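# An overview of the molecular structure
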Amino acid sequence: MATSSVSTSSVSTGCFVFKPKGSKKRAPTLTAEFFNKGKAVSENVRVRFATYESLWQQTKEEIEALQDNLNKKMFGSLLSFIKNSHSDLQSKSKSWSYQMRCSEIPTAALVLGVNVPDHEMTFQKLSDLLQESLTPYVVCLQGKDFTAVKQVLQTVLVHLIGRRVYDDEDEEDVFSVDFSQKKIFCSMASLCGWYRAETQKPTFSSPGKKRKSSSPQYEQSPPVVIIFKDLESFLPKVLQDFLVICSNYIQQLPLILIFGIATSSVALHRMLPQSVSSLLCIELFQSLSCTEHLAAVIDKLSLLEHFYSQPLSLLCCALNEANARVQDLTHDDCELIRQVPSFMRYVESQDPEKQVELLTKDHYLKDTVRKLLNDLHVYHENYLPVLKCLHILTTSLPKYPLGKQIRDLHSTCLEKEVWETEDYSSAFQLFGMMAKDELVSLLTRCLDVLKSSEQDNLEDSVQKLEELLTRFQNLDSVPRVEAVREGEEEATTTQKSLQRKTNLYQLQKELMERKTSRRSKKLSGFEVLRVEVLQFIDKLIRDYLLPPETQPLHEVTYFSAASTLRRHLNAAPRNALQTALNNPYYYLQNEILKSETGTIPNTAPDICIVYKLHLECGRLINLYDWLQAFAMVVNAAEGNDPDTQVGKPVDKILHARFIRAVSELEFLGFVKPTKRKTDHVARLTWGGC
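These numbers come from a predicted model, not from an experiment. Residue numbers here run from 1 along each chain, matching the order of that chain's written sequence. This being a predicted model, a pLDDT of at least 70 is required before a residue's local features are given, and a value of 80 or more before pairs of side-chain atoms are given or counted; all residues contribute to the totals for chains, interfaces and linings. Hydrogens are left out, water is left out, and the side-chain values use all remaining heavy atoms of the structure.

Helix and strand labels come from DSSP, where a helix needs a run of H or I of at least four residues and a strand needs a run of E of at least two; each type is numbered from the N terminus. Of regular secondary structure, the protein chain possesses 29 helices and 10 strands. When burial is assessed residue by residue, the protein chain has 38% of its 689 residues classed as buried. Once local pairs closer than 6 in sequence are excluded, the contacts in the protein chain between residues at least 24 apart make up 70%. Here, Shrake-Rupley sampling with a 1.4 Å probe gives the accessible areas, and only protein chains in the shown set may cover a residue. Carbon together with sulfur atoms contributes 52% to the accessible area of the protein chain, which is approximately 40800 Å² in total. Residue burial is assigned from relative accessible area. The probe radius is 1.4 Å, only protein chains are included, and a residue is buried under 20% of its type maximum, exposed over 50%, and partly exposed in between. Working rule for contacts: check all heavy atoms of both residues, and any pair within 4.5 Å makes them a contact.

Moving on to the pairing of strand β1 (residues 105–111). Of all seven residues in β1, seven are buried, a share of seventy percent or more. Where burial is concerned, the two faces of β1 agree: the one with I105, T107, A109 and V111 and the one with P106, A108 and L110 are both buried. Here the rule is simple: two strands pair whenever DSSP picks up at least two bridges between them. With five bridges joining them, β1 and strand β6 (residues 255–261) adopt parallel strand pairing. Considered in β6, the bridge of A109 is made with F259.

On to empty space enclosed by the protein. A cavity, in this analysis, means grid points on a 1 Å lattice covering only the protein atoms where a 1.4 Å probe fits yet has no way out; a pocket is instead an open set bounded by protein on both sides within 12 Å along at least five of seven lines, and a residue lines either one if it has an atom within 4 Å of a point. Grid points are joined across faces, edges and corners, and a volume is the space filled by probe spheres set on the points. Following the criterion strictly, the structure yields three cavities of 30 Å³ or more and no others. Size it by volume and the largest cavity reaches roughly 90 Å³. Forming the boundary of the largest cavity are V386, C389, L390, L393, L443, C446, L450, L465, F536, I537, L540 and I541. If you list the elements that add at least two residues to the lining of the largest cavity, you get α16 (362–394), α19 (436–452) and α23 (525–544).

In this section: the pattern of salt bridges. When a carboxyl oxygen of Asp or Glu is within 4 Å of a side-chain nitrogen of Lys or Arg, the pair counts as a salt bridge. The tally for this structure, following the rule as stated, stands at 13 salt bridges. Between K237 and D241 there is a salt bridge, and its shortest N-O distance comes to 3.4 Å. Taken together, the residues span about one helical turn, with K237 and D241 both in helix α7 (residues 236–248) at a distance of four residues. One salt bridge in this structure joins E466 and K451, with 3.2 Å as the shortest N-O distance. Of this pair, E466 sits in helix α20 (residues 459–473) while K451 sits in helix α19, placing them 15 residues apart in sequence. You can call E466 partly exposed: its relative accessible area is 31%. Through salt bridges with shared partners, one network takes in E335, R338 and D362.

A grouping of R619, K672, R676 and K677 is seen on the molecular surface, where their side chains present a positively charged patch. Note that K672 resides in strand β9 (residues 671–673). The residues that make up patches have over 30% relative accessible area and no salt bridge, and they are joined within 9 Å when like-charged or within 5 Å when they are Val, Leu, Ile, Met, Phe, Trp or Tyr. Neither His nor the chain termini are counted; the positive set is Lys and Arg, and the negative set is Asp and Glu. Where a charge lies is defined by one atom per residue type, namely NZ (Lys), CZ (Arg), CG (Asp) and CD (Glu).

On to the state of the cysteines, then. Chemically, a disulfide is nothing more than a covalent bond linking the sulfur atoms of two cysteines. Note that a disulfide, as used here, is simply two cysteine sulfur atoms within 2.5 Å. One pass over the structure, following the stated rule, counts zero disulfides. This cysteine, C246, is not joined by any disulfide, and C192 carries the nearest cysteine sulfur, 9.2 Å off. The class for C246 is buried, based on a relative accessible area of 2%. The cysteine C446 is free of any disulfide, with C389 supplying the nearest cysteine sulfur at 4.1 Å.

Here we come to the packing of aromatic side chains. For Phe, Tyr and Trp, rings pair up if their centres lie within 6.5 Å, where Trp contributes its six-membered ring, and each pair is then called stacked (planes under 30 degrees apart), edge-to-face (over 60) or tilted (otherwise). Under the defined criterion, the tally for this structure stands at 15 aromatic pairs. When the ring of Y137 is compared with that of Y195, the centres are 6.0 Å apart and the planes differ by 70°; the resulting orientation is edge-to-face. Placement of Y137 in the loop between α4 (119–133) and β2 (138–141) and of Y195 in helix α6 (residues 188–199) is noted, with a sequence separation of 58 residues between them. Residue classification places Y137 among the buried positions, given a relative accessible area of 0%. An angle of 65° between the planes, with centres 6.0 Å apart, marks the rings of F228 and F242 as edge-to-face. On the criterion of sequence distance, the pair formed by F228 in strand β5 (residues 224–228) and F242 in helix α7 is long-range, its members being 14 residues apart. Note on accessibility: F228 and F242 belong to one class, buried.

Axes, fitted as lines to C-alpha atoms, cover a helix only where it is in contact. Angles between the N-to-C directions of the axes lie from 0 to 180 degrees. Running from amino to carboxyl end, α16 crosses helix α17 (residues 406–415) at an angle of 120°, the nearest separation of the two axes being 10 Å. In terms of axis orientation, α16 runs oblique to α17. For the element pair α16 and α17, the recorded crossing hand is right-handed. Between α16 and α17, the contacting residues are Y383, L387, K388, L390 and H391 on the first element and I406, L409, H410 and C413 on the second. Ten residue types, Ala, Val, Leu, Ile, Met, Phe, Trp, Tyr, Cys and Pro, are classed as nonpolar, four, Asp, Glu, Lys and Arg, as charged, and the remainder, Gly among them, as polar. Among the residues making up the contact of α16 with α17, the classes are represented as six nonpolar, two polar and one charged. Working rule for angles: under 35 degrees goes down as roughly parallel, over 145 as roughly antiparallel, 65 to 115 as roughly perpendicular, anything else as oblique. Should the near helix be turned anticlockwise from the far one by less than a right angle, the crossing is left-handed, and should it be turned clockwise, the crossing is right-handed.

Here we come to the nonpolar core. Formed by 46 residues in total, the largest nonpolar core has its most connected members in V418, L443, I537, I541 and L545. Going through the elements one at a time, α16, α17, α18 (422–431), α19, α20 and α23 are the ones with two or more residues in this core. Apart from residues lying up to four places away in sequence, I537 is in contact with L393, F428 and L443. Nonpolar cores are built from buried Ala, Val, Leu, Ile, Met, Phe, Trp, Tyr and Cys residues. Side-chain atoms within 4.5 Å join them into one set.

Have a look at this one:
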């Protein structure tokens, strides 16, 4: 029986349990009780939770579709590479170039980036795509599963052939290949023999599956594709040996490799010496950067925070469904609507008679709410395309005055009137210096966005923009020629005046007059049209990019707490860790964890107690003193008198809890072992939060 050891570095020696994959605890399921903060769940809370689940599922599907679209181009290039490589492998040409490359394995190096969290989904999609269109023989490998090349061969053979394999270390010493047997010998030669027998059949299907009439039709000799999901995790020696073995059989087996790389292509050359890398015919494929992935996903924004904090979010659904839900509102729900700040401002703006009806009659309130929700939906349908137009215009400017991502611009529009900002003014100054070709290109893109909107309110804007673009196209070259002639005549006159004799006073006077005349010079046709375009864009923005808080009942659909969004989206792991360890109540929301600043609550988790005790120490921390202080705090929490515990040995369970907490602090980077004193640890941070 083969054995493997797992080494664990820690400040203490102990027994560590490494649980298999199946023993992981599942995260608690989110239920409607979460929205009601532990109170009795009402029907409205259930409806609100159901609406959240429905919208979240829709958003999840959109994110998956977005991910597929982002990878579509990369997958297309990758499939084309595999098809071309396979045709080269099947070629019977004996040309010099073929002879030189006959021992090279076609290899695709797929660089995905270190911060992309869904590599697994990407490789699963790639595997499905290959099996649907090209070959049934696809194997996915992960580095953590292999410590020897024998294990790699076994996994490949078992996955492809679907049978048990054995090697010369097994009890049965059988070396012949017999495909009628249930087991075959673990070698690449066995795989080649199985492949020849399998592809010589009239029809064949995916390994281990019965062929269906709807199964894809493959070529007679489809390639065998092996995907290394995480190349950096493979042991270099194991990878090198496997590649050398594959190279010896490349003329018998149409093998194609795909390397999933998280860092950069340099990692590939760092792991493989020249003698091994020369056996590969490598082509690099680069996915979109993690920031582009994240930006595309974040543009869909947040749901949970809005539905959790806003009870009226039960009306955040399709307009017809929202109108039906308004009809079912109870008196308490109507009172809740009357307390909404934006609705209160709306009531104050009405006549006294309407104010009384809105505050006293529920049926009149419901009719008004339906009208306001309809206006809110129209506002949103107009807001989004105009926001996209402004984003198109501003991202073409240097230094991105209103933000590089559309979410940055949206955040600004949520907080204030964007046209009142200095960045908006500087952006329009830059617009005023744009050339004709660039401006026409941007306006054409804006026109396409506005046309995609189904709102009637934007039809006039579409017609006006089409008219402006037509006028740009009709600009002739005559005014330009006249302007050039005027410039030449002015230059000639200036030159002549400078050549004749004059005193300094007259010269200064003439120059001032010419400077004044230039300022009052008549604008060209393009400049006049450009000014008109800027006025049109400014009016469009002022009409449709009003902050959502100006709309009655905007709280139903708009989550305007931009600071909360930034706190969630801008990762600050160090601050989050220090906040959690200093004040566990901030995240756990347990009343017994509340404590005064600077104190150590004895009810806090062990790691929080150990962390706060370590803040009181210097550069080196004595583990024994640390343990005694921890025991005193915990004993006080359990009702024991700390004074009676002085001098007594620490309970084994308490000792184990301390060891675990210190090990967790070491893992988080707060302490580390030191060689200066064996019973001490070194502190790596200074000061509290």
